[in-house]
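Residue-level structural notes
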Amino acid sequence: MGSEWDERLRAALLEAARLDGEADFAALSGEPDFSQDYLRERERLLRDPFRYARRRSRFGYKAVLWYAACALVTLCLSAALVLATNPAARAWVVRMWSTWRPEYTEYQFQGDGTEPAPLGVWRPTYVPEGYEEWGKDETGSLRSIDYVNDKDYFLSLTYMPLSNEGNILLDNEHNVFHRVTIHGLPADLYTGIEEDDPSTVIWADEEAGMVFSLRGVLSEEELLYMAESIAPTS
Amino acid sequence: MLSLCLSLLESDGDRALFREFHGRYERRLYAVALGLLRDPRRAEDAVQEAMVHIAGHFDQFKKIFEEDCLKIGPWAVIIVKHAALDLLRQEERLAALPEHWEAQAAETAESEDGYRRLVELIRSMPDRDREVLELRFVREWEIRDIARRLSISETTARKRVDRARARLVAVLRREGYEHGK
């Protein structure tokens, strides 16, 4: 990429960005009123920027999950899943399906648009030894809680209402796929291939009206044990 | 701007350099994100994503810093803008941005300078065209990475880069410039 034109184009792109940045900054009225969430994350970042960035990069999918709550998606659960998890008559049917792509699997779902039950706060009652709580978001429609150990390995529980429209992308390139169950509910498990590759288990609990995803560098047994310990705190 | 470079040069160590940079540019990057997203909370997310990206790719930061300290700011503007476009893309709001581009005629005498005219044209380009050029020529991404980001094939990504580039060249030639000279 080193032609004279390419170099000139690069310089012009940077100059254009500089001018746009100055224009935007000039248009900014007063000091930004940053939220408490932002200030908290900023403090964490500045405390040790490179460690923070390394941790976030291990869980890059989390950004996708965060945005996914707003994404429009339609999806169908198999009739077998519906009957297996909730044979009682319900007013709505949640649809969720997965699409296998070369490097990731996309889970898509859409509720029926009715008002979801209160989300509540869900936590695992079992947390592996050595892990301590690192951060949480238990106020929005996409909730999460993170744990970390002294090796900078993360455990991350994320959950959202099934009545949302959304999608979730899970890496399937560095994992082996299995079908498992969580409390008898069908679940998809992606176990990491290398020693420090994280594993992820994802499942839908129609009775609770939730989709859960638990990810961490754990053995399959411990990950599933932790998944089955997840319960509402309120 | 020179004082900014001096203050960055005086930073002791990478961590201090990043913190100095963060303190100096946070508001500026927030302003850029807010201009695109029109939502303070989303703008915060974009700024945080950009800063995390910069911290995670600090070798790139230092490379540009050593090349020309004054390019750090524009480079960071591009990073945060792409973070904002990611948000829009995820929320499927990218379609709300203008796609059609009709290059405006040169307005000022300064535009007689081909380089200035090139900058002017870039500023008037649709964000999606500009984004692929920035990814390829500023952030030096491979075509396959651009394709993955945009969820398109590599062939399509290459075509988008070539087309955006070709449109700039076509306008400049039509106006009597040769490749922005």
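Structural data are supplied above this passage.
Residues numbered from 1 in each chain as written. Chains lettered and ligands numbered in written order. Predicted model: local features only at pLDDT ≥ 70, side-chain atom pairs only at ≥ 80, totals over all residues. Heavy atoms only, no water.

1. Description of the overall build of chain A
- The helix and strand tally for chain A stands at six helices and 12 strands.
- The burial tally for chain A puts 51% of its 234 residues in the buried class.
- Taking all contacts inside chain A whose residues are at least 6 apart in sequence as the whole, residues at least 24 apart take part in 54%.
- Accessible area for chain A stands at about 11,300 Å²; split by element, carbon and sulfur atoms hold 50% of it. (Helix = DSSP H or I, 4+ residues; strand = E, 2+ residues; numbered from the N terminus. Buried < 20%, exposed > 50% of the residue type's maximum accessible area, 1.4 Å probe, protein only. Contact = heavy atoms within 4.5 Å. Areas by Shrake-Rupley, 256 points an atom, 1.4 Å probe, with all protein chains shown as cover.)

2. Quick word on the environment of Val217 of chain A
All names here are of chain A.
- For Val217, the position within the fold is in the loop between strand 11 (210-216) and helix 6 (220-228).
- In sequence terms Val217 and Asp196 are 21 residues apart; their C-alpha atoms lie 6.0 Å from each other.
- Once residues within four sequence positions are removed from consideration, Val217 is found in contact with Tyr131, Tyr153, Phe154, Glu195, Asp196, Asp197 and Pro198.

3. A short note on helix 2 (residues 13-37) of chain B
Residue and element names in this part refer to chain B.
- With 25 residues, helix 2 extends 34 Å between its outermost C-alpha atoms, agreeing within 8% with the 36 Å of an ideal straight helix rising 1.5 Å per residue.
- Remark: the principal bend of helix 2, roughly 50 degrees, maps to Tyr25.
- Just past helix 2, the residue Arg38 takes up positive phi, approximately 60 degrees. (Expected span 1.5 Å × (residues − 1). Bend = angle between axes of the 7 residues up to and from the residue.)

4. Considerations on the pairing of strand 11 of chain A
All names here are of chain A.
- Burial analysis of strand 11 places seven of its seven residues in the buried class, the great majority of the element.
- Of the two faces of strand 11, both are covered, the one formed by Met210, Phe212, Leu214 and Gly216 as well as the one formed by Val211, Ser213 and Arg215.
- Direction of pairing for strand 6 (residues 154-161) relative to strand 11: antiparallel, over a ladder of seven bridges. Paired with Met160 across the bridge in strand 11 is Val211.
- In terms of strand pairing, strand 10 (residues 199-205) meets strand 11 through seven bridges, oriented antiparallel. Pairing of Ala204 across the sheet is with Val211, part of strand 11. (Pairing = 2+ DSSP bridges.)

5. Concerning the interface of chain A and chain B
- Each partner contributes to the interface: chain A provides 48 residues, whereas chain B provides 56 residues.
- Both sides of the chain A and chain B interface together cover about 5,100 Å² of buried area, and 64% of this is carbon and sulfur.
- Where chain A packs against chain B, one counts eight salt bridges.
- A salt bridge links Arg130 of chain B to Asp20 of chain A, with the nearest nitrogen and oxygen atoms 2.7 Å apart.
- Counting every contact that joins chain A to chain B gives 16 residue pairs in polar contact (both at pLDDT 80 or more).
- For the side of chain A that touches chain B, the secondary-structure elements that each account for two or more residues are helix 1 (4-27), helix 2 (36-47), helix 3 (49-58) and helix 4 (61-68) of chain A. (Buried area = accessible area lost by both parts, 1.4 Å probe. Salt bridge = Lys/Arg side-chain N within 4 Å of Asp/Glu carboxyl O. Polar contact = N/O pair within 3.5 Å; in protein donor to acceptor, adjacent residues only side chain to side chain.)

6. With respect to the nonpolar core
- Residues Phe61 and Trp75 of chain B are the most contacted members of the largest nonpolar core, which totals 76 residues.
- Considering every element that reaches this core, the biggest residue donor is helix 5 (residues 72-90) of chain B, with 12 residues.
- What Trp75 of chain B contacts, discounting residues up to four positions off in sequence, is Leu14 of chain A together with Ile54, Gln60, Phe61, Ile64 and Val138 of chain B. (Core = buried A, V, L, I, M, F, W, Y, C linked by side-chain atoms within 4.5 Å.)

7. Brief notes about the side chain of Asp20 of chain A
- In this fold, Asp20 of chain A is placed in helix 1.
- When residues no more than four places from it in sequence are discounted, the contact partners of Asp20 of chain A are Arg123 and Arg130 of chain B.

That is the geometry; function is a separate question.
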